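Analysis of the macromolecular model
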Amino acid sequence: MKTIAVIGAGTMGNGIAHVFAQHNFTVHLIDISETALEKGLATIAKNLDRMLAKEKITEAEKATTLQNITTFTSMENGVKNVDLVVEAATENVDLKLKIFTQLDEICDAKTILATNTSSISITQIAAATKRPEQVIGMHFMNPVPMMKLVEIIRGYNTTDEITQTIMQLSEQLHKVPVEVNDYPGFVANRILMPMINESIETLYNGVAGVSEIDTVMKLGMAHPMGPLQLADFIGLDVCLSILNVMYDGFKNPKYAPCPLLVNMVMAGKLGVKSGEGFYDYSESRKAENVAKQFA
């Protein structure tokens, strides 16, 4: 494999593009928004600068990584003559089905189609194509340049050959691929999301406050980040979407999202991306914290 197309220039998409480009793949980064593409490239450059400051890469490696990325607002042009497409669009099943139907029509017959979905059925996505044996899940962890794990999810029809190809490709990126089967939430989110949901239930029921819950999990369970802060980082809308996929898939009430989570998403309190979730990330609060440092 030499040329990779990544669909979506958001948090996950630009991170995936970064990692492939850093390992000398030619990357086509695709988004319908030119603004999103510019923001995605700026994020990649900023993350490369951090690596440069820590002496993990050289100036030449930074320049080569950026040169390896070409942006496209046309999916048809962006996926021409690529070996692999990694879809990293919003976690919405209808959107993903639409994208994969289009990809199946315009991609070369040999092109492997992968999705970075964190919970949606690979088999369902593959069924939107005429090449289900060539459709697979590549669930990267956030932040992609830092996190080693990639969940490799094979759908019902995914072949052994395609699975091994993607496992080996992940190793070329210096990642640790773990093969899992296609059930709602896969492994990572099937375990993580109920913990986050239970943390929100604990807050909802008045057992303890936000910082108290997070402190207990950080100091008592050695978690690097508390579950409520992690939910803010992931995006409360994403957490809700994953829980709904698992609840619909298993019909088990233990996966039902907490009413507080539902209300916060409806109110637009999505975490870091909206400036407020369980914590305040607004510019005024940032300015207040900076002022305190110099007081």
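What you are looking at is a predicted structure, and each value in this text was computed from that prediction instead of being measured.

Here the focus is the overall build of the protein chain. Looking only at helices and strands, the protein chain features 13 helices and eight strands. For the protein chain, the C-alpha radius of gyration of 20 Å lies close to 19 Å, the compact-globule estimate for 295 residues. Once the C-alpha set of the protein chain is aligned to its principal axes, its extents read approximately 55 × 50 × 30 Å. Within the protein chain, buried positions represent 44% of all 295 residues. The contacts in the protein chain between residues at least 6 apart in sequence include a share of 66% that link residues at least 24 apart. Of the roughly 14600 Å² of accessible surface on the protein chain, 54% is carried by carbon and sulfur atoms. Distance from the positive charge centre (25 side chains) to the negative charge centre (33 side chains) of the protein chain: 3 Å.

A common measure of how large an interface is: the accessible area buried when the components associate. For the protein chain, the assigned domains are domain 1 (3-181) and domain 2 (189-290). A straight line from the C-alpha centre of domain 1 to that of domain 2 covers 26 Å. With seven residues of domain 1 at the contact, the number on the domain 2 side is five residues. Summed over both sides, the interface of domain 1 with domain 2 buries roughly 480 Å², with 55% coming from carbon and sulfur. Taken together, domain 1 and domain 2 are joined by zero salt bridges. Where domain 1 packs against domain 2, one counts two residue pairs in polar contact (both at pLDDT 80 or more). Here the residues of the side of domain 1 that touches domain 2 are counted per class, giving two nonpolar, four polar and one charged.

Mapped onto this numbering, the UniProt entry annotates "binding site: NAD(+)" (unreviewed entry) at G8, A9, G10, T11, M12, G13, D31, E91, K96, S118, N142 and K273. Of note, K96 is situated in helix α5 (residues 93-106). For K96, a relative accessible area of 1% puts it in the buried group. When near neighbours in sequence (up to four residues on either side) are disregarded, K96 contacts E87, A89, T90, E91, T115, T117, I120 and I125. Tracing the sequence through the fold places K273 in the loop between α12 (259-266) and α13 (283-293). Not counting residues within four places of it along the chain, the set of residues in contact with K273 comprises G235, D237 and V238. Within polar-contact distance, the side chain of K273 engages the side chain of D237 at 3.0 Å.

Calculation notes
- Residues numbered from 1 in each chain as written.
- Predicted model: local features only at pLDDT ≥ 70, side-chain atom pairs only at ≥ 80, totals over all residues.
- Heavy atoms only, no water.
- Helix = DSSP H or I, 4+ residues; strand = E, 2+ residues; numbered from the N terminus.
- Rg over C-alpha atoms; globule rule 2.2 N^0.38 Å.
- Buried < 20%, exposed > 50% of the residue type's maximum accessible area, 1.4 Å probe, protein only.
- Contact = heavy atoms within 4.5 Å.
- Areas by Shrake-Rupley, 256 points an atom, 1.4 Å probe, with all protein chains shown as cover.
- Lys, Arg positive; Asp, Glu negative; His and termini not counted.
- Charge placed at Lys NZ, Arg CZ, Asp CG, Glu CD.
- Domains from an automatic or database assignment.
- Buried area = accessible area lost by both parts, 1.4 Å probe.
- Salt bridge = Lys/Arg side-chain N within 4 Å of Asp/Glu carboxyl O.
- Polar contact = N/O pair within 3.5 Å; in protein donor to acceptor, adjacent residues only side chain to side chain.
- Nonpolar A, V, L, I, M, F, W, Y, C, P; charged D, E, K, R; others polar.
- UniProt positions renumbered as here; feature names shortened; annotations may be inferred.

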